[in-house]
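In case you want the letters, here they are:
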Amino acid sequence: MTRIDIISIFPEYFAPLDVSLIGKARERGTIDVRVHQLRDWAHDVHKTVDDTPYGGGPGMVMKPEVWGEAIDSVIGDGAPRMVVPTPSGRPFTQELAQELAGEPWLLFACGRYEGIDTRVVEEYAGRLRVDEVCIGDYVLAGGEVAVLVMVEAVGRLLPGVLGNAQSAVDDSFAPGSMRNLVEGPVYTKPPVWRGREVPDVLLSGHHGKIARWRRDEALRRTVRNRPELAAELDPETLDKHDRKL
Ligand code: ADE
């Protein structure tokens, strides 16, 4: 059982975690998700969690004392791996998702406004493994949606969450043969739709040829849609056929 704690001033953002794959995994007890309201650890009548930034500038910064009490109370004597979503963090990748999926306990600390006083990360980095993580080169209104993204990406990698364990192996970006590759196109019935035919090879039942075709299509799509990834493909792992594509 993987435990996931999430601290946020908007616990309502996490309603989607009741649904679909992650919702089912929670019902089955594969994942234990606990969402906490940060304001429960604010003591003034207004439940204040932010203040103006030292040095001036726009926006507000989240106060360290409230975060410190919240995290101490949630972790007790334990030592979860802590993730702080922020546009200034390291990139979230499938590789990091795999790594997080191997942890027994994750704690996500969602900042809002201009972020959390930086001493909070410093403080816990002395005791826990802490990563500041960015899900993409754009700025969200807060860390909540980024945490939903990460919990879904990590959750589907946990044993027993996906119906078919092979689908995580074949995923775009999956370490192994899909490293630096995105998946190619997929088809289902009917064999002809609006005059558009499913490629013959997929109906052939020839597993070797199907695997070859899928790899070729993955390479083609990677070159077209993700040239920067294609440039990272290791020439050693490309076979003679790949090189001609
Ligand atoms: N908070 C705001 N924008 C973010 C991003 N791109 N990734 C992670 N956390 C964020």
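Residues numbered from 1 in each chain as written. Predicted model: local features only at pLDDT ≥ 70, side-chain atom pairs only at ≥ 80, totals over all residues.

In the annotation of an unreviewed UniProt entry, the protein is listed under the name tRNA (guanine-N(1)-)-methyltransferase and assigned to Nonomuraea longispora. Heading Subcellular location (unreviewed entry) of the UniProt record for the protein holds this comment: "Cytoplasm". Note on the protein: under the UniProt heading Catalytic activity (unreviewed entry), the record states "guanosine(37) in tRNA + S-adenosyl-L-methionine = N(1)-methylguanosine(37) in tRNA + S-adenosyl-L-homocysteine + H(+)". (UniProt positions renumbered as here; feature names shortened; annotations may be inferred.)

Moving on: the site of the ligand. In the vicinity of the ligand, the contacting residues are P85, T86, P87, C134, I135, G136, Y138, V139, L140, G143 and A146. Looking at the shell around the ligand element by element, the count peaks at three residues for strand β5 (residues 81-91). Split into classes, the residues belonging to the shell around the ligand amount to eight nonpolar, three polar and no charged. (Near = placed C-beta within 6 Å. Helix = DSSP H or I, 4+ residues; strand = E, 2+ residues; numbered from the N terminus. Nonpolar A, V, L, I, M, F, W, Y, C, P; charged D, E, K, R; others polar.)

Before going further, it helps to spend a moment on the UniProt feature "domain: tRNA methyltransferase TRMD/TRM10-type" (unreviewed entry) in the protein. The feature "domain: tRNA methyltransferase TRMD/TRM10-type" (unreviewed entry), as given by UniProt, occupies residues 3-230 in the numbering adopted here. Structurally, residues 3-230 comprises 35% helix and 18% strand, and the distance from its first C-alpha atom to its last is 36 Å.

Burial of strand β6 (residues 105-109) is extensive: four of the five residues sit out of reach of the surface. As paired elements, strand β1 (residues 2-8) and β6 share five bridges and run parallel to each other. Considered in β6, the bridge of I7 is made with A109. Judged from the three bridges that link them, β5 and β6 form a sheet pairing that is parallel. Within β6, the position partnered with R81 by the bridge is L106. (Buried ≥ 20, exposed ≤ 12 C-beta atoms within 10 Å, placed from the backbone. Pairing = 2+ DSSP bridges.)

Of all hydrophobic cores here, the largest spans 43 residues; its most connected members are W67, F108, A109, V147, M150 and V151. Among the elements that make up this core, the one with the highest residue count is helix α5 (residues 144-155) (six residues). For V151, the residues in contact, after removing those within four places along its chain, are I4, L17 and I22. (Core = buried A, V, L, I, M, F, W, Y, C linked by C-beta atoms within 7 Å. Contact = placed C-beta atoms within 7 Å.)

Turning to unusual backbone geometry, a few remarks are in order. Residues K189 and P190 are joined by a peptide bond in cis, for which omega reads 5°. If you check the backbone angles, K47 has positive phi at about 55° while not being a glycine. In this structure, K47 sits in the loop between β2 (31-37) and β3 (50-51). The phi torsion at R194 lies on the positive side, around 50°, for a residue other than glycine. Secondary-structure assignment places R194 in the loop between β8 (192-193) and β9 (196-197). Its 5 C-beta neighbours within 10 Å are what place R194 among the exposed residues.

Bringing the sheet that holds strand β7 (residues 130-134) into the picture now. Taking strand neighbours across the sheet as the criterion, the five strands line up as β2-β1-β6-β5-β7 in an open arrangement whose pairing is parallel. Each edge of the open sheet carries a strand with a single partner, namely β2 and β7. Taking each pair of neighbouring strands and ignoring which way they run, the sheet shows an average axis angle of 30°. Examined bridge by bridge, β5 and β7 share six bridges and lie parallel to one another. From the neighbouring strand, R90 faces β7, where its bridge partner is V133. Most of the contacts of helix α2 (residues 64-75) go to β6, to which it runs at about 160°, and overall it touches β1, β2 and β6. (Axes fitted to C-alpha atoms, helices over the stretch in contact; angles between N-to-C directions.)

In the numbering used here, UniProt assigns the "binding site: S-adenosyl-L-methionine" (unreviewed entry) feature to G111, I135, G136, D137, Y138, V139 and L140. As for its position among the elements, I135 is in the loop between β7 and α5. In this view, I135 contacts P85, F92, A146, V149 and M150; residues no more than four positions away in its chain are not counted.

Where helix α1 (residues 20-28) meets α5, the closest approach of the two axes is 10 Å, and the angle between their N-to-C directions is 65°. One way to sum up the angle between α1 and α5 is to call them roughly perpendicular. For the pair α1 and α5, the sense of crossing is left-handed. Contacts from L21, I22 and A25 of α1 reach α5 at V151, E152 and G155. Within the contact of α1 with α5, the residues separate by chemical class into four nonpolar, one polar and one charged. (Parallel < 35°, antiparallel > 145°, perpendicular 65-115°, else oblique. Left-handed = near helix turned anticlockwise from the far one by under 90°.)

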